[in-house]
There are 4 protein chains.
Amino acid sequence: MPGNTFGKVFKVTTWGESHGKAIGAIVDGCIPGISLCEEDIQTELDLRKPNNSNFGTSRQEDDVVEILSGVFDGKTTGTPISMLVWNQDAKSEDYSKIKDIFRPGHADFTYETKYGIRDYRGGGRSSGRETIGRVMAGAIAKKILKEYKIKIIGHTLQIGPYKATTFCSKQIMKNDIRCADKNIAPQMIEYIEKIRKDGDSVGGIIEIIVKNMICGLGEPVFDKLSANLAKALMSIGSVKGFEIGLGFNSAEMLGSENNDEFYIDKNKNIGTKTNNSGGILGGISNGENLVLKIAVKPTATINKTQKTVNKNKSEKEINVIGRHDACIVPRLIPVAESMVAITLMDHLLMQKTIA
Amino acid sequence: MPGNTFGKVFKVTTWGESHGKAIGAIVDGCIPGISLCEEDIQTELDLRKPNNSNFGTSRQEDDVVEILSGVFDGKTTGTPISMLVWNQDAKSEDYSKIKDIFRPGHADFTYETKYGIRDYRGGGRSSGRETIGRVMAGAIAKKILKEYKIKIIGHTLQIGPYKATTFCSKQIMKNDIRCADKNIAPQMIEYIEKIRKDGDSVGGIIEIIVKNMICGLGEPVFDKLSANLAKALMSIGSVKGFEIGLGFNSAEMLGSENNDEFYIDKNKNIGTKTNNSGGILGGISNGENLVLKIAVKPTATINKTQKTVNKNKSEKEINVIGRHDACIVPRLIPVAESMVAITLMDHLLMQKTIA
Amino acid sequence: MPGNTFGKVFKVTTWGESHGKAIGAIVDGCIPGISLCEEDIQTELDLRKPNNSNFGTSRQEDDVVEILSGVFDGKTTGTPISMLVWNQDAKSEDYSKIKDIFRPGHADFTYETKYGIRDYRGGGRSSGRETIGRVMAGAIAKKILKEYKIKIIGHTLQIGPYKATTFCSKQIMKNDIRCADKNIAPQMIEYIEKIRKDGDSVGGIIEIIVKNMICGLGEPVFDKLSANLAKALMSIGSVKGFEIGLGFNSAEMLGSENNDEFYIDKNKNIGTKTNNSGGILGGISNGENLVLKIAVKPTATINKTQKTVNKNKSEKEINVIGRHDACIVPRLIPVAESMVAITLMDHLLMQKTIA
Amino acid sequence: MPGNTFGKVFKVTTWGESHGKAIGAIVDGCIPGISLCEEDIQTELDLRKPNNSNFGTSRQEDDVVEILSGVFDGKTTGTPISMLVWNQDAKSEDYSKIKDIFRPGHADFTYETKYGIRDYRGGGRSSGRETIGRVMAGAIAKKILKEYKIKIIGHTLQIGPYKATTFCSKQIMKNDIRCADKNIAPQMIEYIEKIRKDGDSVGGIIEIIVKNMICGLGEPVFDKLSANLAKALMSIGSVKGFEIGLGFNSAEMLGSENNDEFYIDKNKNIGTKTNNSGGILGGISNGENLVLKIAVKPTATINKTQKTVNKNKSEKEINVIGRHDACIVPRLIPVAESMVAITLMDHLLMQKTIA
C-alpha cells in the first residue's frame, strides 16, 4: 500500500534510496504564482548536511537540488513541482557484508519481513537520506508561510541528561547543537564528543515553536491540526514521542490550572493569558504559538559489537565500523521544521475551502 | 475540508453532535463474512458510559447501538456498515446561556472562528459524545483482530500525581479507574473524589499494550504504523501527548542501551530481548508488543468561576455549574483502544495488498 | 476496499441496502452557514420517486428524508451532515426464491463472486434505491450551486428509437418522460407502455446541460472536470456510456471544424462561438455550457423467462414476475443531475485552494 | 488542489512540462519482488513515439527512460519507483510569439484563467508529452498483469468516416494506424495523408479489449470498475467520449435483448453467452472480456488561420505553422492501454484486501 505521500491539498510525495541514483520529492497542489528558485531550497537543504563539528557523520556529499518541473520564469505554475538531489557518494561495496544480517535498532528486519526483499545498501529507503525529500518540500512550504508571517523555530531542548533552561532564539544558529541556551550548549557538545569517541550514540528532545499562527486551522474530528502534526513528526525516523503544550505534564495538572483563560489584548483581539494548550483547542489552532516537542532516540548505528541474527535465523555478532552520527538531533531540526511547515501549509489551504 | 474520516482501507467516518438527533459511524471496507451483531458493539459502548462511580458525569443515557446496513443474516457483506445511537437526554435549554461565551479549555472559540457558526449545545461536534462513533467502529475492528489473536489492553497508568508501579491485567476491570495496580487504584479514586468535591478536574496517563502483534504492519515513509497510531490517538479530544516504547525517556539513553538486540526464541522465531522500541522498527511492527502511552489533560469543564470573553469581545466571568467528569481518563480507555484497533485493522488490510 | 465515498472536498458517503433498515448519506466538507432544511432535500427526492405514470414501478414508498446532524438553527455548521430515509416497504419474503440464482443483467453473480456473500433481497446494495443517497447529497450541492447561479438541466434525449429533435426547457416537467420535445414525448410514453405490457424494458439517452458555468474548474491531469464527471455518471447503475460536447461525433470532425474559435462578447468577456468541446478545454471548464450525455441500458428486471445459472453451477430458467420499471430513464435524471451537482460542488471548493 | 495522482493502491503520480527539463512518473504501491528493468518501460514508450509515417509529428526525440528508485538488483522493492525522461528537443523560442494568445481547442485560455499563470511553451503541462508519465507507469502495470494472463489490446476502430468492420489482432502492429482491419487501414492512412497536406487534422475511435479478465474487480458504489475506467480514459487529453459494452447503442435495446444470459461453459465455469455489458455487472467485472471505446477529437493544432483572442481581450488571427500530428489516434493507443492497465492493477490490488 502506498505510504509515500503526505497531505491532502499541499501534497508531498517523496522517493529514493540511500544508495540509489537520486532522492526526490514532488509537491502537487502548490499555489501558483509564488517566486521560487533552487537557492530557496538549497538553503534549507544545507542545514541538514553533516557539518564540520565532531559529532556529525563523515559522509560528505554535496546535496544539490535540481528543480525539474512546476516552475516557469521563476514562479510556480500550479503544476507539480519535481525536485531531486543526485546521490554522489554511494559506495555499494561497503554494505555487502551486512546484506544478510539484521542490525539492531534498524529497519533491516522489518523491511525484509514486510516486503520479502530490501535494498540493504545504507538502509535503502529507511535511511536518513530519505529526509532530503521532506526538507526540499518543506522549503517551499516555509517560503509561502513566510508571506503569512508564520515563523517556525526548532531548537535542541535536551541531549542525554543536558537540558536547556533558558531560551534565546538568536543563540540557536550560533552553536553546532542548535541550542537556544548558550550555557548548556557547550556541555551538550562536549558530551556528544565523549559519546562519539566511545563509539556510542545519544538521543535528545527537540522543541518547535510556531509564531504568528493563524486561528482556525485543523479539521475535526480526525484531521485535527494536533493529530496531523503528531503524524507528521512521528513519521520521521528515530522520533519516539510527541507532545503539544504541556504534553505529559498536563496529566498532573488540575483543570483550574490547566485551562487557559481568554482575555482581550491591546489590539482588541481575543487571546489566552497562558498557553498550556500549546495553541490548540478542540484540534483547531487558537492563534497562540504552537509549542511542540519530539523525543529522538539515540542513533541506531554504533561502533560497538552487538548481538543479533541473520536471515537464516542464526545468532550473530555485528560491529559496523564506519561513519555514523553520534547524535542526530541537530540534523533532525530542519527535518522537523519541514514537516511542521508542510502540515501547516496543507491545513492553511484546507481552510480556504471554508472561508 | 472534510476531516471526519479515518483510515484508507478500513475506513471509518463519524458524524453527530452532542445534542443533535443521533451520533453515528460508517465503516466502509470491512471484510465480508464476519459475524457481527449489535451486542458485539453494545458491549464496548457500555464501557465508555459514565459509570456509577463518584467521578463520572451524572448524565445517564442509555446509548443503544442500532445497525442500519452492511450486515445480513448476522454477517458483514462488504458494504458500508452504518451504525447509530440516538441522543436521549439532550436538553437544549441548559446551554442557551453559554451560546455567546467561550468556555476556557473548550473548542467554543476555535469552532466559532473557524466555521463562523457553531452548535453551542453541549459542545456540539467537539463534545465527548463524538467518541461514541469511534467506539462503535472500534468494536468491529476489535472483533476481527481477535480472530488474528491480537489483543489490545488499555489501562490507567497515572492520575494526577498517582502512578501505577505494578501491572496485573486482571486488576484492570476490578476498579472504576481501570488501573492494573491494585494498591494505587484506591488512592487514584480517592484523589479524584476529592478533586470532584472541589469542583475541579484532573488528568492522567493511559498506557495501551497490544499483544500477539503481526510483524510487517506500517507503510513507510509517511504512513508508518507509529505515525498513524500517533494521529489516531492525538485525534481524541483532551489527548496532549503520545509515546511509543521508551518515548521521551529514549532521549536520555545511549544507543548501546536503547537498541533492542535480536535473538532466536524457543519457537525458532526472531525476537528482541528488550522492547525499548515499543514494537516498531522503521515505522513497521516487528512482532513484539506495541507499547503506547497518551497524556490526557484535565477535563475543561469545572465548577469554578473562570475569566473569559464572549463573541462581542467583552471580558466575562463564567461558572458552568452542572454535570461534568472530574476525570475522563477511565472513560477514554475504550476510546483509545478503539482508535488503536481501527488503525491496526486498517494496516492489516493494507498489508494484504503486498503479501 | 471502501468505494462508497465520492469527492475530495465536498465528500459524499452513501450506505444502505434495498431491504435493510434505511438508506443514508453523509456529506462531509459542506460549507458552513448555508440555510438547509429537510424540505430542500425532500423536493429532489420526490423527483426520483416512481410516479403515477404507466411505466413506473408499482412500489410505492414514501421516501421521507431525516437530517440527523450538521445542521443547527436551520444552517449548516461545517460538520458532517447525516441524512437517511427509512425503508418502509421492504418485504423480504418476496426474494427468498431468488437467493441462490443469478438474475441476468443484475449484479447478483458479481457481488457473490467478489464478496462471497450478498444481501439478495431486492439487489441489496446494488439496488436502484442506493441512488437515494446520491439524490440527498445532490440536493445540498444544488442548493449551494444555485447561489452561484449555476443551473443543471437534465432531460430525456432518446427512448429506444425515439429521439428528441427540439429543446424547450419548459416542456421537461410537463411530461412523465421528462422530454424537452413536446412532439416526441407522447410517442416515447406510448412506446414504453407497449414495452411494459410486453413484460420487457427499454433504455435511453439523457442529456445534462449546465448553464452559467464558472471558468477554471478541473484539476489536471487526472482530476480533470470531464474525467470526474465521467466517473460520477458512469458510477450510476445502468449507465453504459458518457459523452461531453460532440463526444463520439468528434471522431468524424476535422480540426478546423471542431475547434471552437474564441471571440469577445458584448460584455467584453472571452467566449467561444461554437461549443463543440461541451465547455471543457484541457480538462478545465471554459465558462461555456457543459453539455453531457449518458447512455442508459434497459432495466435488467423483465417479466420474461430467461436462461441463467445458480450458485451450484446448474443451468436454470428464471421469470421474476413482480413490480419493475419498464424504463428507468426519467427516474435517473435527478440522480444524474445530483452526481453532476456533487462533482461541480467538489471542484468549486477545490478551486478555492488556488484562487 | 493536487490532481496529478491516479489510483489508491497502485498509485501513479506524474509531473513535467513539454519544454521543462524532464517528464516523470512515480509509482507508489507496486508489489515488491517483480522483475523490472528500463527496457520493459522503453518498449512501451517507443510505441507512443511519433513514427516515420506521414501523419506523425516531425518532432523526433529519443524519449529514453531512466529508473531512479524502487528497483534493486533488477527487482521492485515495494518502495516508490521514480522514472523520468529528459526533454531533448525543447526549443523555447518557437513559442514566444504565442505566449499572449489563446489557441482554439487548446488549454491556453483555461490554464491562464485557472492558475493566473501558464507555461506557454508547447502547451506546458497540457502537452501531449504529459502522457509519457502515463505510459511509463502503465508499462509496469502491464508487466504485472501479464503474470495474471491479463491482456490489453487497443486498436483503431475509426478514423474520420472510415470504420473497421473486421477484427484480426495480428494486423494491428502491421500498419501505422494500428487498425485490425487490413482492408480499411490503407484508406485510413490515405485519408490522414490528405488531411495533413491540407493543414488540417482528424479524430477517431479507439477500442480496447481486455482478455482473460479476473472476476470481482470494482468497488461499488462509486469506485465501480467501469466508473474508474471512464475516469482513467477521459483524463487523457482529446478524449471526448467513453463506452463500455454496447454503450450508446444500448439505449435502443430491449431488456430481453440486452441482458446477457448466464450459462455453464465447458470448463464448468459460469459465463455469459453474449457480452453486451462489456464485462461489467453492477460495476464489477464478471470475467468476460472488457470492451471499451473512446472518442478522440481531431488534434487542436492545425496549419490554418483561425480566429481567436489574446490575454488583453483583443480579437486576433492565428496560424501556427509548425510540426503537428494530423491524427493523434495511433499514438494514443499505448496511452489508453496504459490507463486501462493502471486502473486494472489498482483494482486487482484493492480486491486483495477482501479475498
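Residue positions within a chain follow its written sequence, with the count starting from 1. Labels follow written order: the first chain is A, the first ligand is 1, and so on. Where local features are concerned, this predicted model is filtered to residues with pLDDT of at least 70; where side-chain atom pairs are given and counted, the filter is 80 or more; whole-chain, interface and lining totals use all residues. The side-chain quantities take in all heavy atoms of the structure and omit both hydrogens and water.

A. Region of interest: helix α1 (residues 38-47) of chain B. Residue and element names in this part refer to chain B. Residue burial is assigned from relative accessible area. The probe radius is 1.4 Å, only protein chains are included, and a residue is buried under 20% of its type maximum, exposed over 50%, and partly exposed in between. Helix and strand labels come from DSSP, where a helix needs a run of H or I of at least four residues and a strand needs a run of E of at least two; each type is numbered from the N terminus. Among all positions in α1, only I41, Q42, E44 and L45 are buried. Down the axis, α1 shows its buried residues gathered within 165° of arc, on one side only. At its buried positions, α1 is contacted by β4 (65-67), β7 (81-86), α3 (131-147) and α7 (329-352). To be clear, the arc concerns the directions from the helix axis to the C-beta atoms. Should any heavy atoms of two residues lie within 4.5 Å, those residues are counted as being in contact.

B. Local environment of helix α2 (residues 108-115) of chain D. Counting buried positions along α2(D) gives seven out of eight residues, so the element sits mostly inside the fold. Turning to α2(D), its buried residues are D:D108, D:F109, D:T110, D:Y111, D:E112, D:K114 and D:Y115. Looking at the buried residues of α2(D), the elements they touch are β12 (262-264), β13 (270-272), β14 (280-281), β15 (284-285) and α7 (329-352) of chain C. In the stretch just after α2(D), D:G116 is the one whose phi turns positive, near 75°.

C. Broad picture of the pattern of salt bridges. Residue and element names in this part refer to chain D. For this analysis, a salt bridge means a side-chain nitrogen from Lys or Arg found within 4 Å of a carboxyl oxygen belonging to Asp or Glu. One pass over the full model with this rule turns up 100 salt bridges over all chains. Residue R331 pairs with D325 through a salt bridge whose shortest N-O separation is 3.0 Å. Given the relative accessible area of 16%, R331 is considered buried. In this structure D325 comes out as buried when scored by relative accessible area, which is 8%.

D. Fine view of the nonpolar core. Take the buried Ala, Val, Leu, Ile, Met, Phe, Trp, Tyr and Cys residues and link them wherever side-chain atoms come within 4.5 Å; each set so joined is a nonpolar core. Membership of the largest hydrophobic core comes to 328 residues, with the highest contact counts inside it found for A:F10, B:F10, C:F10 and D:F10. Among all residues touching D:F10, those that are not within four sequence positions of it are D:V27, D:D28, D:G29, D:C30, D:A137, D:I140, D:A141, D:I144, D:I342, D:M345, D:D346 and D:L349.

E. Inspection of the packing of aromatic side chains at higher detail. Between the rings of Phe, Tyr and Trp (Trp by its six-membered ring), a pair exists once the centres lie within 6.5 Å; its type follows the angle of the planes, with under 30 degrees stacked, over 60 edge-to-face, and the other angles tilted. Using the criterion set out here, one finds 32 aromatic pairs over all chains in the structure. Ring geometry for A:Y162 against A:Y191: centres 5.2 Å apart, planes inclined by 55°, an arrangement best described as tilted. Taken as a pair, A:Y162 in strand β9 (residues 162-163) and A:Y191 in helix α4 (residues 185-197) lie far apart in primary sequence, 29 residues in all. For A:Y162, a relative accessible area of 26% translates into the label partly exposed. Look at D:Y111 and D:Y115: their rings are 5.5 Å apart centre to centre, the planes differ by 55°, and that puts the pair in the tilted class. Taken together, the residues D:Y111 and D:Y115, both in helix α2 and four residues apart, mark about one turn of the helix. Of the two residues examined, D:Y111 and D:Y115, each falls in the buried class. Through pairs of rings, three or more aromatic residues link up here, namely A:F102, A:F109 and B:F262. Between C:K114 and the ring centre of C:Y115, over which it is positioned, the NZ or CZ distance is 5.7 Å. Charges are assigned to positions over rings by a cutoff of 6 Å between ring centre and Lys NZ or Arg CZ, combined with an angular limit of 35 degrees from the ring normal.

F. Fine view of the relation of the copies chain B and chain A. The superposition of copies rests on a least-squares fit of C-alpha positions from residues with pLDDT of 70 or more in both. Rotating chain B by 180° and translating it 0.0 Å along the rotation axis places it on chain A, where the RMSD comes to 0.0 Å. Here the symmetry operator amounts to a two-fold rotation axis. A shared binding surface is used by both copies, with 100% of the interface residues of chain B retained as interface residues in chain A.

G. Main features of the confidence of the model for chain A. Residue-level confidence of the predictor is summarised by pLDDT, bounded by 0 at the bottom and 100 at the top. Of all residues in chain A, 94% have pLDDT values of 70 or greater, and the mean over the chain is 94. Here the prediction assigns the complex a pTM of 0.97, and the interface score ipTM is 0.97.

H. Representation of the interface of chain B and chain A. Facing the 111 residues of chain B at the interface are 111 residues of chain A. Accessible-area loss on putting two parts together, using a 1.4 Å probe and summing over both, is the definition of buried area adopted here. Summed over the three residues of chain B that lose the most area to chain A, namely B:M1, B:K114 and B:F222, the buried surface amounts to 11% of that side. For the interface between chain B and chain A, the tally reads six salt bridges. With its nearest N and O atoms 3.9 Å apart, the salt bridge here joins B:E252 to A:K163. Side-chain atoms alone can form a polar contact between residues adjacent in sequence; in general such a contact is a pair of N or O atoms within 3.5 Å, and within protein one must be able to donate a hydrogen while the other accepts it. For the interface between chain B and chain A, the tally reads 58 residue pairs in polar contact (both at pLDDT 80 or more).

I. Examining the sheet that holds strand β9 (residues 162-163) of chain C more closely. Strands are labelled as partners when DSSP assigns at least two bridges between them. Strand order in the open sheet formed by ten strands is β9(C)-β8(C)-β10(C)-β16(C)-β11(C)-β11(D)-β16(D)-β10(D)-β8(D)-β9(D), and the pairing between neighbours is antiparallel. Of all the strands in the sheet, the pair left with one neighbour each is β9 of chain C together with β9 (162-163) of chain D. Taken together, the seven bridges between strand β10 (residues 204-211) of chain C and strand β16 (residues 290-296) of chain C define a ladder with antiparallel strand orientation. Within β16(C), the residue paired with C:I205 across the bridge is C:A295. Axis lines are fitted through C-alpha atoms, for helices just across the contact stretch, and the angle between N-to-C directions can take any value from 0 to 180 degrees. Of the strands in this sheet, β11 (239-244) of chain C together with β10 (204-211), β11 (239-244) and β16 (290-296) of chain D touch helix α5 (residues 225-234) of chain D, which is tilted by about 155° from β11(D).

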